[in-house]
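Each chain, letter by letter, is given below.
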Amino acid sequence: QKMPPSLPATINIREPRWDQSTFQGRAKHFFMVTDPRNLLLSGATLEEARRVVEDYRAGIVHPGLTEDQLWRAKYIYDSAFHPDTGEKMILVGRMSAQVPMNMTITGCMLTFYRTTPAVLFWQWVNQSFNAIVNYTNRSGDAPITPSQLGTAYVSATTGAVVTALGLKSLTKHLPALIGRYVPFAAVAAANCINIPLMRQRELKLGIPVTDENGNRLGESTAAAQKAIFQVVVSRIGMAAPAMAIPPVIMNMLEKRAFLKRYPYLNAPLQVGLVGLCLVFATPLCCALFPQKSSMPVSSLEPEVQDQIRKKDPWLETVYFNKGL
């Protein structure tokens, strides 16, 4: 039996498999990255994927390795290891945990929205989860201190809870369907608070900007602002279908005899509907902006522009990892 031809060492696995300049290419990429099945992979499988990827990047091609196996290893590696630091990410903070975690939390937020203790508890759970995700998927390799992390977490959680309770009191005299949208408004507002706070170090010190080949040129706060804005938009978009569609369906179902007869099915139905929305909304909203984002050198801070001009006077565009 003939051995398959050896794989060339020229496949660029630092970039995704599909063209990231198109929405379709980015969507295919994020359907792979956010696949919840990646959570079930063993530590040995993750380490094997890391070995294959790091060896291949170093020019070592394992005998018999096919292109499909290489890309599979790359996506397993990307799902569990941070792109800038190379550290293994916290399990619940990985993008592959987004659907199962958000499905449970959002389903419960939409089900238990009527009492103040329930609103408080589920907003706290949601912001705690968001804080872990925002920290795990931050851009750059600069460490964040425990005190910065604590301040950001407390501020974001307080902001979300205050928003939720404030909106809840405003909707007391409005139709029931409007009340169901309080959790979404609170989540949208909290994302605008939580993400910048959890990534405040980037806003103060900047994130690494590189040329097209990944050569580091400096740190930019302007790039950090653009990265964080794009992530906020994506996260709100991600939450929108899961928090906007199920309330309408549940409002209709609760008027039927079926749910009145079996009220205990309310929460599982809500969680299932949210999960169905999130399976599609998560990768499609991650794909709204390229992961390797770019901006003109002329839009950077003057001192960073000067730094770059000294290295490469003709460079017009810089690139950065926007985070997720």
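Just so it is clear, the structure is predicted and the values come from calculations on it, not from any experiment.

Some thoughts on the environment of M103
Right, on to step 1. Here M103 is to be found in helix α4 (residues 98–111).
Right, on to step 2. Accessibility expressed as a relative area gives 26% for M103, which makes it partly exposed.
Right, on to step 3. When the C-alpha atoms of M103 and S220 are compared, they prove to be 35 Å apart, with 117 residues separating the residues in sequence.

Some words on the pattern of salt bridges
Right, on to step 1. Under the counting rule described, the total for this entry stands at 8 salt bridges.
Right, on to step 2. R17 is the partner of D68 in a salt bridge, and the nearest nitrogen-oxygen pair spans 2.8 Å. On the criterion of sequence distance, the pair formed by D68 in helix α3 (residues 67–80) and R17 in the segment before α1 (23–33) is long-range, its members being 51 residues apart.
Right, on to step 3. Among the residues examined, R17 registers a relative accessible area of 34% and is labelled partly exposed.
Right, on to step 4. Notably, a salt bridge pairs E47 with R50, separated by 3.3 Å at the nearest N-O pair. Within this pair, E47 and its partner R50 are both found in helix α2 (residues 43–57), separated by 3 residues, close to a single helical turn.

Description of α3
Right, on to step 1. Between its first and last C-alpha, α3 extends 20 Å over 14 residues, near the 20 Å set by a 1.5 Å rise per residue.
Right, on to step 2. What α3 keeps buried is the set L70, W71, A73, K74, Y75, I76, Y77, S79 and A80.
Right, on to step 3. Those residues of α3 that are buried lie in contact with α1 and α2.

Digging into the packing of aromatic side chains
Right, on to step 1. A complete count under the given rule lists 4 aromatic pairs for this structure.
Right, on to step 2. Look at W18 and Y75: their rings are 5.9 Å apart centre to centre, the planes differ by 40°, and that puts the pair in the tilted class. Taken together, the residues W18 in the segment before α1 and Y75 in helix α3 connect sequence positions 57 residues apart.
Right, on to step 3. Among the residues examined, W18 registers a relative accessible area of 26% and is labelled partly exposed.
Right, on to step 4. Between F121 and W122, the aromatic rings sit 5.0 Å apart at their centres with planes inclined by 80°, giving edge-to-face as the arrangement.
Right, on to step 5. Residue class for W122 comes out buried when judged on its relative accessible area of 18%.

Some details on the state of the cysteines
Right, on to step 1. Under the defined criterion, the tally for this structure stands at 0 disulfides.
Right, on to step 2. Take C108: it sits in no disulfide, and the sulfur closest to it among the cysteines is that of C277, at 16 Å.
Right, on to step 3. In this structure C285 is not part of a disulfide, and its nearest cysteine sulfur, from C286, lies 7.6 Å away.

Some points on the domain arrangement of the protein
Right, on to step 1. Here the domain parsing of the protein yields domain 1 (23–88) and domain 2 (95–321).
Right, on to step 2. For domain 1 and domain 2, the distance between their C-alpha centres works out to 25 Å.
Right, on to step 3. At the junction of the two partners, domain 1 supplies 17 residues and domain 2 supplies 23 residues.
Right, on to step 4. Both sides of the domain 1 and domain 2 interface together cover about 1600 Å² of buried area, and 67% of this is carbon and sulfur.
Right, on to step 5. Taken together, the links from domain 1 to domain 2 amount to 0 salt bridges.
Right, on to step 6. The interface formed by domain 1 and domain 2 holds 2 residue pairs in polar contact (both at pLDDT 80 or more) in total.
Right, on to step 7. For the side of domain 1 that touches domain 2, the element with the highest residue contribution is α1, accounting for 6 residues.
Right, on to step 8. Of the residues contributing to the side of domain 1 that touches domain 2, the split by class is 8 nonpolar, 5 polar and 4 charged.

Considerations on the environment of I207
Right, on to step 1. Looking at where I207 falls in the secondary structure, it is placed in strand β1 (residues 207–210).
Right, on to step 2. Separated by 22 residues in sequence, I207 and F229 have C-alpha atoms that sit 14 Å apart.

A look at the nonpolar core
Right, on to step 1. Grouped together as the largest cluster of nonpolar side chains are 26 residues, with contacts concentrated most on L7, I11, I13, F30, Y56, L70 and C286.
Right, on to step 2. Those elements giving two or more residues to this core turn out to be α1, α2, α3 and α12 (266–286).
Right, on to step 3. Among the domains, domain 1 (23–88) and domain 2 (95–321) are the pair contributing at least three residues each to this core.
Right, on to step 4. Once residues lying within four places of it in the same chain are set aside, the contact partners of C286 are F30, M95, M238, K322 and L324.
Right, on to step 5. With 16 residues, the next largest nonpolar core counts V133, A239, M243 and L278 among its residues.

Quick notes on the side chain of S128
Right, on to step 1. Counting through the fold element by element, S128 comes out in helix α5 (residues 116–136).
Right, on to step 2. Residue classification places S128 among the buried residues on the basis of a relative accessible area of 16%.
Right, on to step 3. Of note is the side chain of S128, whose polar atom sits 2.8 Å from the backbone oxygen of W124.

What about the pairing of β1?
Right, on to step 1. Pairing geometry for β1 and strand β2 (residues 216–220), over 4 bridges, is antiparallel. Within the sheet, the bridge partner assigned to I207 lies in β2 and is S220.
Right, on to step 2. Following β1, the chain reverses through 5 residues before pairing antiparallel with β2; G214 in that reversal takes a positive phi of roughly 85°.

Some words on the UniProt feature "transmembrane region" (unreviewed entry) in the protein
Right, on to step 1. Residues given the UniProt feature "transmembrane region" (unreviewed entry) here are residues 227–249 and 269–289.
Right, on to step 2. Counting secondary structure, residues 227–249 comes out at 100% helix and 0% strand; the distance between its end C-alpha atoms is 35 Å.
Right, on to step 3. Taken end to end, residues 269–289 is 86% helix and 0% strand, and its first and last C-alpha atoms sit 32 Å apart.

Calculation notes
Residues numbered from 1 in each chain as written. Predicted model: local features only at pLDDT ≥ 70, side-chain atom pairs only at ≥ 80, totals over all residues. Heavy atoms only, no water. Helix = DSSP H or I, 4+ residues; strand = E, 2+ residues; numbered from the N terminus. Buried < 20%, exposed > 50% of the residue type's maximum accessible area, 1.4 Å probe, protein only. Salt bridge = Lys/Arg side-chain N within 4 Å of Asp/Glu carboxyl O. Expected span 1.5 Å × (residues − 1). Contact = heavy atoms within 4.5 Å. Phe/Tyr/Trp six-rings, centres within 6.5 Å; stacked < 30°, edge-to-face > 60°. Disulfide = S-S within 2.5 Å. Domains from an automatic or database assignment. Buried area = accessible area lost by both parts, 1.4 Å probe. Polar contact = N/O pair within 3.5 Å; in protein donor to acceptor, adjacent residues only side chain to side chain. Nonpolar A, V, L, I, M, F, W, Y, C, P; charged D, E, K, R; others polar. Core = buried A, V, L, I, M, F, W, Y, C linked by side-chain atoms within 4.5 Å. Pairing = 2+ DSSP bridges. UniProt positions renumbered as here; feature names shortened; annotations may be inferred.

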